[in-house]
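Residues per chain are reported as follows:
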Amino acid sequence: MRTLREATTELRRAFADGGIEPLYKAHLAELKRCPSYSVLYRLADLFLPISPLLAMAQDADDLIERWGTSDACRTLLARPPIPWQAVWSDTTRDLMLTSPIITYGRHGPLLTPPLLAAAVNRPDVKMVTASYIAKLGPNIARTMFPVYVTTPLTARTSGRKGLLPRAVGWLAYKLDPPPPRDVARTANESALRRAADHVRGGGLLAIAPDSRDPRQPWRPGLGVLVAMLATEPGARPCYLVPWRIWGASITAIFHLLSRNPLLRALGRLRFRHPVRVEFGEPRLLQAIVADVGLDPAKITAHLEAHYKGLGY
């Protein structure tokens, strides 16, 4: 009979070796082999639909391979279903569909990446995101520039607010612990260079620069990207576009995926109004640098102040 420690070790190994597919298989196997893991899972499943979330992530990877990122995300959002709408001006929409873009905003729930990808509806949309998301599958990984946390996380600091977001963040951190700090910093710098290359080549990039602690200023990665592209611009002008998402409750998502019909009904009630994905007016990257300079910290502080000034 397997112990809980042996079961969790096997889950970490499966995720590290192959991502979501072997993790899901290991999870199903440990439910049968380890009674203590099965009991713990059934308790957690009252609040956190682990198996449906793992199955959805695996399905997302398959859909991206078949249909591309935006169409796959539209399909996934339609399944629970999660109603949503994109709100933007004609100018913003036209530039978002055709130009090199960095779109930026606050971290949100699990829905943030699929909502952004579905809304912009471009085949070249990619995101700077947490390292564990890139391990959800090889096709998901191709849409990401993964970065590592460089400071240890606790159950309290692994999410921005709420018990369930923190639980999910803590589990992800335990499944995908970061490398040593100097290695993580080097990897993060490389990810930002590759992200800049993507935009320089005409692509669209999404990044959430806010800190886990809302009292802290935004992280300077956004400013680093802007400085890189200002120093070595691409063939076409790059624009920066802020985003904000309203009404995408992570708790409501878990309710929709629950096996409990009462919780599913509550989830549908909480999504009775469409999630709102709003994009602000575009700003020319070179114009921002002309006003602020090339210091990444100053660029990031300027963009944060502008973002907050919009009421986002």
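This text goes with the structure placed above it.
What counts as what
Residues numbered from 1 in each chain as written. Predicted model: local features only at pLDDT ≥ 70, side-chain atom pairs only at ≥ 80, totals over all residues. Heavy atoms only, no water. Axes fitted to C-alpha atoms, helices over the stretch in contact; angles between N-to-C directions. Helix = DSSP H or I, 4+ residues; strand = E, 2+ residues; numbered from the N terminus. Parallel < 35°, antiparallel > 145°, perpendicular 65-115°, else oblique. Contact = heavy atoms within 4.5 Å. Nonpolar A, V, L, I, M, F, W, Y, C, P; charged D, E, K, R; others polar. Left-handed = near helix turned anticlockwise from the far one by under 90°. Salt bridge = Lys/Arg side-chain N within 4 Å of Asp/Glu carboxyl O. Buried < 20%, exposed > 50% of the residue type's maximum accessible area, 1.4 Å probe, protein only.

A. Quick peek at the packing of helix 1 (residues 4-18) against helix 3 (residues 35-44). Running from N to C, helix 1 and helix 3 point in directions that differ by 70°, and their axes come no closer than 7 Å. Here helix 1 is positioned roughly perpendicular relative to helix 3, judged by the angle of their axes. Of helix 3, the residues touching helix 1 (which contributes Leu4, Ala7 and Leu11) are Ser36, Tyr37 and Leu40. Class assignment of the residues belonging to the contact of helix 1 with helix 3 gives a composition of five nonpolar, one polar and no charged.

B. Seen up close, the packing of helix 12 (residues 221-231) against helix 16 (residues 296-309). Look at helix 12 against helix 16: their axes get within 7 Å of each other, and the N-to-C directions meet at 115°. In this view, helix 12 runs roughly perpendicular relative to helix 16, as classed from their interaxial angle. Regarding helix 12 and helix 16, the two cross each other, and that crossing is right-handed. Along the contact surface, helix 12 presents Leu222, Gly223, Val224, Val226 and Ala227, while helix 16 presents Pro296, Ile299, Thr300 and Leu303. In terms of residue class, the contact of helix 12 with helix 16 is made up of seven nonpolar, two polar and no charged.

C. Fine view of the pattern of salt bridges. Tallying each qualifying case throughout the model produces 12 salt bridges. One salt bridge connects Asp90 with Arg93, and the closest N-O pair in it is separated by 3.0 Å. Of the two residues, Asp90 and Arg93 are both situated in helix 6 (residues 90-98); the distance of three residues between them amounts to about one turn of the helix. A salt bridge links Asp197 to Arg200, with the shortest nitrogen-to-oxygen separation between them at 2.5 Å. Taken together, the residues span about one helical turn, with Asp197 and Arg200 both in helix 11 (residues 181-200) at a distance of three residues. By relative accessible area, Asp197 is classed as partly exposed at 46%. Among the ionic contacts, a cluster of salt bridges with common partners joins Arg2, Glu30 and Arg33.

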